[in-house]
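One letter stands for each residue in the lines below.
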Amino acid sequence: MSTTILLTGGAGYIGSHTFIALREAGFEPVILDNFANSHPVVLERLERISGRPVLLERGDVLDTAWVADVLRRHRPAGVVHFAGDKAVGESVAKPLKYFHNNIGGAVSLLRAMTTVFEDGSAPALPTLVFSSSATVYGDPASVPILESFPLSHTSPYGHSKLVIEEMLASLRRASPAWRVGVLRYFNPAGAHPSGLMGEDPADIPNNLMPFVTQVAVGQRPHVNVFGNDYATPDGTGVRDYIHVQDLAAGHVAALQALLSKGESFTVNLGTGRGVSVLEVIRAVERACGKTIPHVFAPRRAGDVAQCYADASLAKRLLGWEAKCSLDEMCADAWRWQSGNPNGYRG
Ligand SMILES: NC(=O)c1ccc[n+]([C@@H]2O[C@H](COP(=O)([O-])OP(=O)(O)OC[C@H]3O[C@@H](n4cnc5c(N)ncnc54)[C@H](O)[C@@H]3O)[C@@H](O)[C@H]2O)c1
């Protein structure tokens with residue numbers, strides 16, 4: 001069997017860490033990316049860490065004929081679909097961008113995979129791991145969140161993830177050959193322990209961890225803490241922060257399960273632990289040895305009080321569980337931020 005795995009969006013934050021984890025597990029990942037939200041310098045870092053050249057297909061997942069050509073040339077055993085836009089706030093302002101790139105991108109990829117499977121030009125059974133998100137649970141009625149909880153959305157971004165999950169379910173009903181692993185990520189954070197790769201937001205970070213580390217490095221004056229009157233132990237929002245290295249390992253486990261057992265699944269990838277905004281700030285303070293100023297601000301529309309996973313299904317089905325602590329996550333995020341204050345832009 002081919003060990004090649006195609007990673008759409010593989011130059012991005014989660015894709016690049018997954019690339020290394022796949023190589024370490026004996027797979028040969030190929031990156032497909034248009035660098036809309038990533039920087040080609042990451043390729044040099046991937047080569048430094050893994051000690052071998054990186055295979056890149058530069059282009060747009062929306063170009064179905066080209067994606068089919070990529071599949072024919074590389075004949076991957078599986079595809080991980082990371083490519084897409086991910087900023088919740090931007091999706092509220094520009095919903096069509098999200099419907100076009102996220103839903104349109106998934107349709108394009110699925111059509112390309114179907115074409116090459118059906119015409120026999122890349123005959124591996126269509127095997128896909130999809131980057132979904134805990135946002136598909138909307139405002140959950142309780143925590144921890146099980147995969148069986150009702151699904152909804154609070155933004156066009158979340159809507160796009162939900163539509164793609166539904167499309168994948170329809171496809172599996174229509175063509176049982178499809179093997180699909182849907183991974184609902186909670187809050188990815190942290191960086192590669194080498195300090196060479198990490199999260200590199202092009203603009204104001206949407207996620208808490210890069211915002212806090214940018215304050216720590218002196219690029220921003222303070223952290224805005226949105227809401228301190230939630231029904232949580234310290235009043236600030238509680239989330240399930242998962243080390244990107246653990247998340248990367250989750251993709252390896254998902255691919256191994258799909259390729260060996262052939263059964264589709266939908267699982268949460270989280271730690272099962274809820275951590276508040278103030279706890280994250282204190283953990284980054286421990287990592288960098290500085291005080292991080294923060295200011296309380298009103299709650300943001302659409303934010304929920306608590307969101308953390310029940311992570312037991314992934315353990316049962318994939319034999320995977322998160323291993324890294326919050327302190328490791330913050331130490332790795334700080335090593336990346338302090339060594340690369342401007343990210344990959346030098
Ligand atoms: N980071 C998070 O907090 C988080 C949480 C839940 C789910 N996810 C999902 O995981 C996936 C990866 O997230 P990430 O944090 O690595 O994001 P990222 O923006 O760092 O990576 C996405 C990559 O996709 C590429 N891309 C975007 N549109 C493309 C297109 N049309 N054709 C080719 N390449 C394209 C970008 O250039 C980028 O390299 C996304 O689908 C995201 O929605 C992320």
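Computed from a prediction, not measured in an experiment: that's the story for all the values here.

**Q** Describe in detail the sheet that holds strand β1 (residues 4-8), supporting the description with residues and values.
**A** Taken together, seven strands build an open sheet; the order of strands is β3-β2-β1-β4-β5-β6-β11 and the sheet is parallel. Looking along the sheet, the strands with just one partner apiece sit at the ends: β3 (55-58) and β11 (265-269). Neighbour-to-neighbour, the strand axes of the sheet open up by a mean angle of 20°, direction not taken into account. Relative to strand β2 (residues 28-33), β1 runs parallel, the two sharing five bridges. Residue pairing across strands places Ile-5 opposite Pro-29, the latter belonging to β2. Contacts from helix α1 (residues 13-24) reach β1, β2 and β6 (179-185), with the element oriented near 165° to β2.

**Q** Report on the site of the ligand, specifying residues and quantitative values.
**A** Taken together, 27 residues surround the ligand, and among them Asp-33, Asn-37, Ser-38, Lys-86 and Tyr-157 come closest. In the environment of the ligand, an oxygen atom lies 2.8 Å from a nitrogen or oxygen atom belonging to the backbone of Ile-14. Lys-161 is positioned with one of its side-chain polar atoms (N or O) 2.9 Å from an oxygen atom of the ligand. Here the ligand loses 96% of its free accessible area of 830 Å² to cover by the protein chains. For the shell around the ligand, the element with the highest residue contribution is strand β5 (residues 127-133), accounting for three residues.

**Q** How would you sum up unusual backbone geometry? Please name residues and give values.
**A** Here the bond from Val-143 into Pro-144 is cis, since omega is -5°, no more than 30 degrees from zero. Mapped onto the secondary structure, Pro-144 falls in the loop between β5 and α6 (156-174). Of note in the backbone geometry, Phe-35 takes a positive phi value of approximately 60° without being a glycine. Mapped onto the fold, Phe-35 is located in the loop between β2 and α2 (41-50). For Arg-75, which is not glycine, the phi torsion reads 45° and is therefore positive. Mapped onto the fold, Arg-75 is located in the loop between α3 (64-74) and β4 (78-81). For Arg-75, a relative accessible area of 42% gives the class partly exposed.

**Q** Lay out the packing of aromatic side chains with the relevant residues and their values.
**A** In this structure the tally under the stated criterion is three aromatic pairs. Taking 4.9 Å as the distance between ring centres and 50° as the angle between the ring planes, the aromatic pair formed by Trp-336 and Tyr-344 counts as tilted. With a relative accessible area of 7%, Tyr-344 lands in the buried category. Here the basic side chain of Arg-220 rests over the ring of Phe-211, its NZ or CZ set 5.4 Å away from the ring centre.

**Q** So what's going on with the nonpolar core? Residues and values would help.
**A** Membership of the largest hydrophobic core comes to 45 residues, with the highest contact counts inside it found for Ile-5, Leu-46, Leu-183, Phe-265, Val-267, Leu-269 and Leu-318. Tallying contributions element by element places helix α8 (residues 244-261) first for this core, with 10 residues. Discounting residues that sit within four places of it in the chain, Ile-5 has contacts with Leu-22, Phe-27, Glu-28, Pro-29, Val-30, Pro-76, Ala-77, Gly-78, Val-80 and Leu-255. The next biggest cluster of nonpolar side chains, apart from the first, holds 27 residues, and it includes Leu-6, Val-30, Ala-112 and Met-113.

**Q** Hey, could you go over the sheet that holds strand β14 (residues 306-307) for me, with residue numbers and the actual values?
**A** Read across the open sheet, the three strands follow the order β12-β9-β14; overall the sheet is mixed. Single-partner strands in this sheet number two, and they are β12 (275-276) and β14. In this structure, strand β9 (residues 238-239) lies alongside β14, joined through two bridges in parallel fashion. Bridge pairing in β14 links Arg-239 to Cys-307.

**Q** Describe the packing of α1 against α2, with residues and values.
**A** Packing of α1 against α2 brings their axes to within 11 Å, and their N-to-C directions diverge by 25°. On the basis of their axis angle, the class for α1 and α2 is roughly parallel. In the crossing of α1 with α2, the sense of the turn from one axis to the other is right-handed. For the pair α1 and α2, the contacting residues are Ser-16, Phe-19, Ile-20 and Arg-23 in the first and Val-42, Leu-46, Ile-49 and Ser-50 in the second. Of the residues in the contact of α1 with α2, the class split is five nonpolar, two polar and one charged.

About the criteria used
- Residues numbered from 1 in each chain as written.
- Predicted model: local features only at pLDDT ≥ 70, side-chain atom pairs only at ≥ 80, totals over all residues.
- Heavy atoms only, no water.
- Pairing = 2+ DSSP bridges.
- Helix = DSSP H or I, 4+ residues; strand = E, 2+ residues; numbered from the N terminus.
- Axes fitted to C-alpha atoms, helices over the stretch in contact; angles between N-to-C directions.
- Contact = heavy atoms within 4.5 Å.
- Near = heavy atom within 4 Å.
- Polar contact = N/O pair within 3.5 Å; in protein donor to acceptor, adjacent residues only side chain to side chain.
- Areas by Shrake-Rupley, 256 points an atom, 1.4 Å probe, with all protein chains shown as cover.
- Buried < 20%, exposed > 50% of the residue type's maximum accessible area, 1.4 Å probe, protein only.
- Phe/Tyr/Trp six-rings, centres within 6.5 Å; stacked < 30°, edge-to-face > 60°.
- Lys NZ or Arg CZ within 6 Å of the ring centre and 35° of its normal.
- Core = buried A, V, L, I, M, F, W, Y, C linked by side-chain atoms within 4.5 Å.
- Parallel < 35°, antiparallel > 145°, perpendicular 65-115°, else oblique.
- Left-handed = near helix turned anticlockwise from the far one by under 90°.
- Nonpolar A, V, L, I, M, F, W, Y, C, P; charged D, E, K, R; others polar.

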